[in-house]
Amino acid sequence: MKKSVYSLCGMCAVRCPLRAEVEGDEVTWLEGNPHILGGALCAKGSAGIARYRDDERPHGPLIREGERGEGRWRQVSWDEAITYVTDKLKAIQKKYGKESVMVTSRGGPFQNQYKTFCHAIGSPNYTNHDCTCGRNTHHASKSLYGLGRKGLAYDYKNARHLVLFGRNILTSLKVAEASAVVEMLRRGGKITAVDVRVTPTSGKANRFFLVRPGTDYALALGMVNEMLKQKAYDQKFIKKYVKDFSKLQSFVKPYTAAWAAKECGVDAATIKAFVTDIKQDMPRVIFHPGWNLARYKDSFYVSRMLHIMNILMGNIEVEGGQFFPKSPADCGKKGLRNVDCPKPDIERADGCGSTYPHLDKGPGLEHLLLPPMKTGKPYPIKALISNRHDLMASLPDKEQLLDYLNHCELLVSMDALWGEFTWYCDVVLPESTFLERSNQLVTQKGLKPRFAIRQQAVSPRYDTKPSWEIYKMLADKMGVGEYFPYETIEDYWNWQLEPTGYSIEDFQEKGFVELTDEPVWYDRDKLDGKFKTPSGKIEIISKMLEDAGIESLKPYEPPQAPEKGTFRLVYGRPAWLAHNQSTNNPILSQLTPGNRNNIWINREVAESLGIRNGDWVEVKSAGEYGGPLQAFVTEYIHPEAVYTDHGFGKEVPVQSRAYNKGVSDAKLMTGLLDVWDRAGGAVALCESFVTLSPCEPPADA
């Protein structure tokens, strides 16, 4: 007999709401939640069935027997694995201090349990992947509004103009967000795209700036200069809410449209026409401030200037602009209860909040927690627990990363899939796939906030467990079980719902509980108190930055030009791949020819090197790493750059579909683990250069 199970997808970081159709103990159909997404689901989500049926994943708890990375394991019981980990943790904490443990994850709505465990056992060093993703955007937003990067959201559907700097929004792919952008286009809205290559999103744009790599900040400065010149800004909004606007006017005076055009390699008249265009569309104009902006050394200032252009539009709390995501309290409702524990009163080992007072000490910065493993300064980090996060695929420069990890006495991976980090660990605690597990209830903020549920659709095929249960087991063995006050997921849900007045039965009809019937907007004339800066205003000159000795408005510095014969490496991904999680999926691995990434090369550059479309090319980093990729020759990429998809070049033998297929962009980024933005905190992943030379195809191509 068929039944519907409402849940949340787990194939990427978005967690779209979905409906699973289940017969017996098999999922036979997946679609987006029809009450929210009208049934729409992307290719990754649809391949969720293939993920849980895939046998190329850990089948039970494992303890390493051979050398790290050798792949010799002993499958053990959960009790033995948990006892092994907790005994090791206790011994390490006794020798090096309670703060010597680091816990990391890929972020998301279930972080409370990871963070609570880390803090409960006495360490402040919880972190996540965001140094390779959104930290620059987060800190740029905080410096202007006093709010993190999710402190404002976007009403795409009602916008008249969407401006995207390197944001491939139709591929990235939040189903609800992409659907809203498509609806905006259907209603006559426009897209202006800025990128170093043509993407599916820029293919839908009304205006496209193909810029020289690393010059986004120059273009943003030129746009602001022209906006001020054409008075394309909301003077009333700025007078009421913005501090130090005159300093912005003085700062951008030298950065004219003509100057920016020359620096970026675009047309000045097009910049001016763009500004004239958005002046007519304001305030319903959105400048997306960036998602993954861990790219260049000045990406923090790119994001800051994009935020400033939103401010000039006066687009806060207006239809088609930005809005404050509303919480249960905005609907007169009580929020969900979540596990929590006070953070230990110890400075973080990464220096966030102390050495770097302007950098958020919430999740800190993952890459700055690695050197203490080797140096012991300010104190040693000797144990690392990672939750569904492959550090070796996301952080640059594997050799340097291993040099740090090899000083750790315990590496633990909690993941449903194999990855290079999991393969290298001492202990694997396998998590069930998202269709095999339930999770804690979550709040999804927005104009119409709601509570949402992930429910188990089928039984685990192997000896795996959900993370809430694994952390409960670890916490009990470490003597801090009181911070996880449940025995079953039903206990957990009921405990969370207790203050709200709702019950778990309220989720069964649609898979969520909506907290209001109508969108909630704040009065735009009464936003005082909403901006959490020291002054309570939007701060062009940030007290937080200035107190840390960092410029709020940084003069432009041209990017490093590639040396002769080298090219700047840029990366991204197609709509069917999620970071490094998809290239071994039985279905998704078939969507890329040969399951290998290729390398985009500018047509004129390729001709000068004697490379034709489809030829094999040796792509090599400044270090020793490299490999053969097939050339995709096109005029739609800047001559200084080459592009490849992220997530390939895996070296885990048990992943037969992805093993040694393609080249890893992360491993090509030699020396970049220490190249990061002091203002925004993110690693500068696009400050890497590679060489190209014709080569023979690999034997299995």
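The shown structure was predicted, so the numbers you read here are calculated from the model rather than taken from an experiment.

Criteria and cut-off values
Along each chain, the written sequence defines residue order, and numbers are assigned to residues from 1. Residue-level local features of this predicted model are given only where pLDDT is at least 70; pairs of side-chain atoms are given and counted only at 80 or more, and the full residue set underlies all totals for whole chains, interfaces and linings. To obtain the side-chain values, all non-hydrogen atoms of the structure were included, while hydrogens and water were left out. UniProt positions are given in the numbering used here, feature names are shortened, and annotations may be inferred rather than shown by experiment. Numbering of helices and strands runs from the N terminus, with a helix taken as a DSSP run of H or I at least four residues long and a strand as a DSSP run of E at least two residues long. Under the scheme applied here, a residue whose accessible area is under 20% of the maximum for its type counts as buried, over 50% as exposed, and between as partly exposed, the area being computed with a 1.4 Å probe on protein chains only. By the convention used here, residues are in contact when the closest approach between their heavy atoms is within 4.5 Å. Here the axes come from fitting lines to C-alpha atoms, over the contacting stretch only for helices, and the angles between their N-to-C directions go from 0 to 180 degrees. In what follows, roughly perpendicular refers to angles from 65 to 115 degrees, roughly parallel to angles under 35, roughly antiparallel to angles over 145, and oblique to any angle outside these ranges. In this count, Pro and Cys sit with the nonpolar residues alongside Ala, Val, Leu, Ile, Met, Phe, Trp and Tyr, while Asp, Glu, Lys and Arg are called charged and the others, Gly among them, polar. Whether a crossing is left-handed or right-handed is set by the direction in which the near helix is turned from the far one by less than a right angle, anticlockwise for left-handed and clockwise for right-handed. Residues belong to a common nonpolar core when they are buried Ala, Val, Leu, Ile, Met, Phe, Trp, Tyr or Cys residues joined through side-chain atoms within 4.5 Å. Any pair of Phe, Tyr and Trp rings, taking the six-membered ring for Trp, is counted once the centres come within 6.5 Å. Such a pair is stacked with planes under 30 degrees apart, edge-to-face with planes over 60 apart, and tilted for the rest. Here, over-ring charges are defined by two tests on the NZ atom of lysine or the CZ atom of arginine: distance to the ring centre within 6 Å, and angle to the ring normal within 35 degrees. A side-chain nitrogen of Lys or Arg and a carboxyl oxygen of Asp or Glu constitute a salt bridge if their distance falls within 4 Å. Paired strands, as defined in this entry, are two strands with at least two bridges between them according to DSSP.

## Regarding the UniProt feature "domain: 4Fe-4S Mo/W bis-MGD-type" (unreviewed entry) in the chain
UniProt feature "domain: 4Fe-4S Mo/W bis-MGD-type" (unreviewed entry): in the numbering of this structure it lies at residues 2-56. Structurally, residues 2-56 comprises 18% helix and 38% strand, and the distance from its first C-alpha atom to its last is 28 Å.

## Remarks on the side chain of Q322
Within the secondary structure, Q322 sits in strand 13 (residues 322-323). The class for Q322 is buried, based on a relative accessible area of 0%. Dropping the residues within four chain positions of it, Q322 is found in contact with Y145, L152, A153, Y154, N310, N315, I316 and E317.

## Points about the packing of helix 4 (residues 111-120) against helix 17 (residues 467-478)
Contact geometry of helix 4 with helix 17 gives a least axis separation of 10 Å together with a crossing angle of 10 degrees. Of the possible angle classes, the one that applies to helix 4 and helix 17 is roughly parallel. Along its contact with helix 4, which presents Q113, Y114 and F117, the element helix 17 presents S467, W468, Y471, L474, A475 and M478. In terms of residue class, the contact of helix 4 with helix 17 is made up of seven nonpolar, two polar and no charged.

## Regarding the packing of helix 3 (residues 78-96) against helix 17
At a minimum axis distance of 9 Å, the contact between helix 3 and helix 17 shows a crossing angle of 50 degrees. One finds that helix 3 runs oblique with respect to helix 17. Our pair here, helix 3 against helix 17, has a crossing hand that is right-handed. Every residue of helix 17 that contacts helix 3 at W78, D79, I82, T83, V85, T86, L89, K90 and Q93 is listed here: I470, M473, L474, K477 and M478. Along the lines of polarity and charge, the residues of the contact of helix 3 with helix 17 split into eight nonpolar, three polar and three charged.

## Considerations on the nonpolar core
L219, L248, F287, M305, L312 and I538 are the most contacted members of the largest nonpolar core, which has 108 residues in total. Non-local contacts of L312, meaning those with residues more than four positions away in its chain, are made with V224, M227, L228, A232, Y233, D234, I238, F245, L248 and M282.

## Considering the packing of aromatic side chains
Here the structure, examined in full by the defined rule, presents 29 aromatic pairs. Ring plane angle 45 degrees and centroid distance 6.5 Å describe the contact between Y492 and W495, whose orientation is recorded as tilted. Pair noted here: Y492 and W495 are both in helix 18 (residues 489-497), with a separation of three residues, about one helical turn. Taking relative accessible area as the criterion, Y492 reaches 0% and is therefore assigned buried. Judged by centre distance (5.0 Å) and plane angle (65 degrees), the ring pair of W600 and F632 falls under edge-to-face. Of this pair, W600 sits in strand 22 (residues 598-602) while F632 sits in strand 24 (residues 626-634), placing them 32 residues apart in sequence. Through pairs of rings, three or more aromatic residues link up here, namely Y217, F251, Y255, W259, F300, Y301 and Y556. Geometry around W600 places R197 over its ring, the cationic atom sitting 4.7 Å from the centre.

## Structural notes on the pattern of salt bridges
Going through the model one piece at a time under the given rule, you end up with 45 salt bridges. Put simply, R19 and E21 hold a salt bridge, and the shortest N to O gap is 2.9 Å. By sharing partners, the salt bridges in this structure join K2, R19, E21 and E31 into a single network.

## Things to note about the sheet that holds strand 18 (residues 450-452)
The strand order across the open sheet built from three strands is 17-18-19, with neighbouring strands paired in antiparallel fashion. Edge positions in the open sheet fall to strand 17 (442-444) and strand 19 (512-514), since each of these has one partner strand only. Pairs of neighbouring strands in the sheet enclose a mean axial angle of 25 degrees, with direction left out of account. Bridging between strand 17 and strand 18 involves three bridges; their strand directions are antiparallel. Counterpart to Q444 in the pairing with strand 18 is R450.

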